[in-house]
Each structure stands twice: as structure tokens, then as C-alpha cells.
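Listed here are the chains, written in short residue letters.
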Amino acid sequence: MAITTSELITKARAARIAVRGLQTLSSGRKNAALEAIAVALESDQAPVLEANALDMAAGAAAGLNGSLLDRLMLNPERLNDMAADVRNVASLPDPVGETFDVRTLANGLRVERRRVPLGVIGAIYESRPNVTVDIAVVCFKSGNAVVL
């Protein structure tokens, strides 16, 4: 599926608007959303596997080689592994607002650096469904929107 420049600009603008609310979410709310993603990956596998079967058939019809088809293929084990990876991201400390490199200048002024979200991230990658989830959850955890 080819995407036009106009569609990409529209998606990027929508991501820029969406990120405003994302950047202020608490760690608890982000982790709860990540847990919901993990639970969905484990419990709602049938529609994902059905859609993946269509993708696999389209890939085979388009002449994708065996290694590319293997990267695209999902099964219950891979979905469960993806859920575990989502939980691993959720267990990481929230980087947003983290203070580092704190120092006090000679005049008594305290200077510190603080981690903040970048905003909208663009990601281009090959056909691996697990990478889609990995990129999305890492961006979410760090308070960023992403255009895949």
C-alpha cells in the first residue's frame, strides 16, 4: 500500500496534536495502558491471527521470500512474546521528567537537565509485527507519538 505525501502530512499533524495529551500522562496511566495492550495481545489473538493470515497470503502472492514471510508470520507464541515485551517496557522507569546532571554553580544557582519527550517520531522499518509493537510502546512510554 503506497501512501501519498499528503496522507503522511495529515498523519504527522494528527500525531502532533495527539502527543500533547500523551506528554502529560502519569506513569501509572501509561503503565496501565501498556498492561491493557499486553492483555489484548494475549487474550484477543483470533482477529490478529486472522488478519495476519491475510497478510501472509498477500505476501506469498507478491513473491516475498521465505525469510520475509517468517518475519511477517504471527502465531500464539509470538503474540505472547510480544505481550511479555510490552510488560518489560512497562516495568522500566518512566524517563519523562527524570532529572540528571544536577549541579550548583558558584553563585548558588542550581542547574539541572530534565528528560522530556521529543514529540513526534517517524519510524521506517521492515515487515516485523513485533517491531511495530516495540516501537509503539517505547514511544508511548517516553511520551512521544509515532508515525510508522
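Trainee: Any chance you could explain the nonpolar core here in plain terms?
Mentor: Soluble globular proteins: nonpolar side chains tend toward being buried together. One finds L34, L41, L79, M82, V86, V133 and V137 to be the most contacted residues of the largest nonpolar core, which totals 14 residues. For this core, the elements supplying multiple residues, two or more each, are α2 (27-43), α5 (76-91) and α6 (129-141).

Trainee: Before we go on, may I ask you to explain the side chain of D94 in this structure?
Mentor: With respect to the element layout, D94 can be found in the loop between α5 and β1 (99-104). On the basis of relative accessible area, D94 is assigned to the buried category, the value being 19%. Of the polar contacts made by the side chain of D94, one reaches the side chain of K30; its length is 3.0 Å. From its side chain, D94 meets the backbone nitrogen of V96 in a polar contact 3.0 Å long. Excluding anything up to four places from it in sequence, D94 contacts S27, K30 and K141.

Trainee: Teacher, can you tell me more about the packing of aromatic side chains here?
Mentor: Scanning the entire structure with this criterion turns up 0 aromatic pairs. Taking NZ or CZ as reference, R115 lies 4.1 Å from the ring centre of F100, over its face.

Trainee: Would you mind showing me how to read the pairing of β1 here?
Mentor: Along a regular strand, successive side chains alternate from one face of the sheet to the other. In the sheet, β1 pairs with strand β2 (residues 110-114) via 4 bridges, with the strands oriented antiparallel. Residue T104 lies in a different strand from β2, and its bridge partner there is R110. The antiparallel pairing of β1 with β2 creates a hairpin that spans 5 residues between the two strands, and G108 there sits at a positive phi of about 95°.

Trainee: What's the story with the environment of L92 in this structure? I'm lost.
Mentor: Locating L92 in the fold gives a position in the loop between α5 and β1. Overall, L92 belongs to the partly exposed group, its relative accessible area being 48%. For the pair L92 and K30, spaced 62 residues apart in the sequence, the C-alpha separation amounts to 11 Å.

Trainee: Just checking my understanding: could you explain the confidence of the model for the protein for this structure?
Mentor: Low pLDDT means the predicted coordinates in that region are not meant to be read closely. Residues at a pLDDT of 70 or more form 99% of the protein, whose mean pLDDT is 94. The least confident element of the protein, judged by mean pLDDT, is helix α1 (residues 5-22) at 92; the most confident is α5 at 98.

Rules of the game
- Sequence positions are assigned chain by chain, starting from 1 and proceeding in written order.
- Where totals are concerned, whole chains, interfaces and linings use all residues; where local detail is concerned, this predicted model gives features only for residues with pLDDT of at least 70, and gives and counts side-chain atom pairs only at 80 or more.
- Water and hydrogen atoms play no part in the side-chain values, which are based on all heavy atoms of the structure.
- As used here, the term nonpolar core means buried Ala, Val, Leu, Ile, Met, Phe, Trp, Tyr and Cys residues forming a set that is joined through side-chain atoms within 4.5 Å.
- Three labels apply to residues, based on accessible area from a 1.4 Å probe with only protein chains included: buried if under 20% of the type maximum, exposed if over 50%, partly exposed otherwise in between.
- A run of H or I in DSSP counts as a helix once it spans at least four residues, and a run of E counts as a strand once it spans at least two, with each numbered from the N terminus.
- Polar contacts, as counted here, are pairs of nitrogen or oxygen atoms within 3.5 Å of one another; within protein the pair requires one atom able to donate a hydrogen and one able to accept it, and residues that are adjacent in sequence qualify only if both atoms are side-chain atoms.
- By definition in these notes, contact holds between two residues if any of their heavy atoms fall within 4.5 Å.
- Any pair of Phe, Tyr and Trp rings, taking the six-membered ring for Trp, is counted once the centres come within 6.5 Å. Such a pair is stacked with planes under 30 degrees apart, edge-to-face with planes over 60 apart, and tilted for the rest.
- Criterion for a charge above a ring: Arg CZ or Lys NZ at most 6 Å from the ring centre, at most 35 degrees from the ring normal.
- Two strands make a pair as long as DSSP finds a minimum of two bridges between them.
- One confidence number per residue, pLDDT, is output by the predictor and ranges from 0 to 100.

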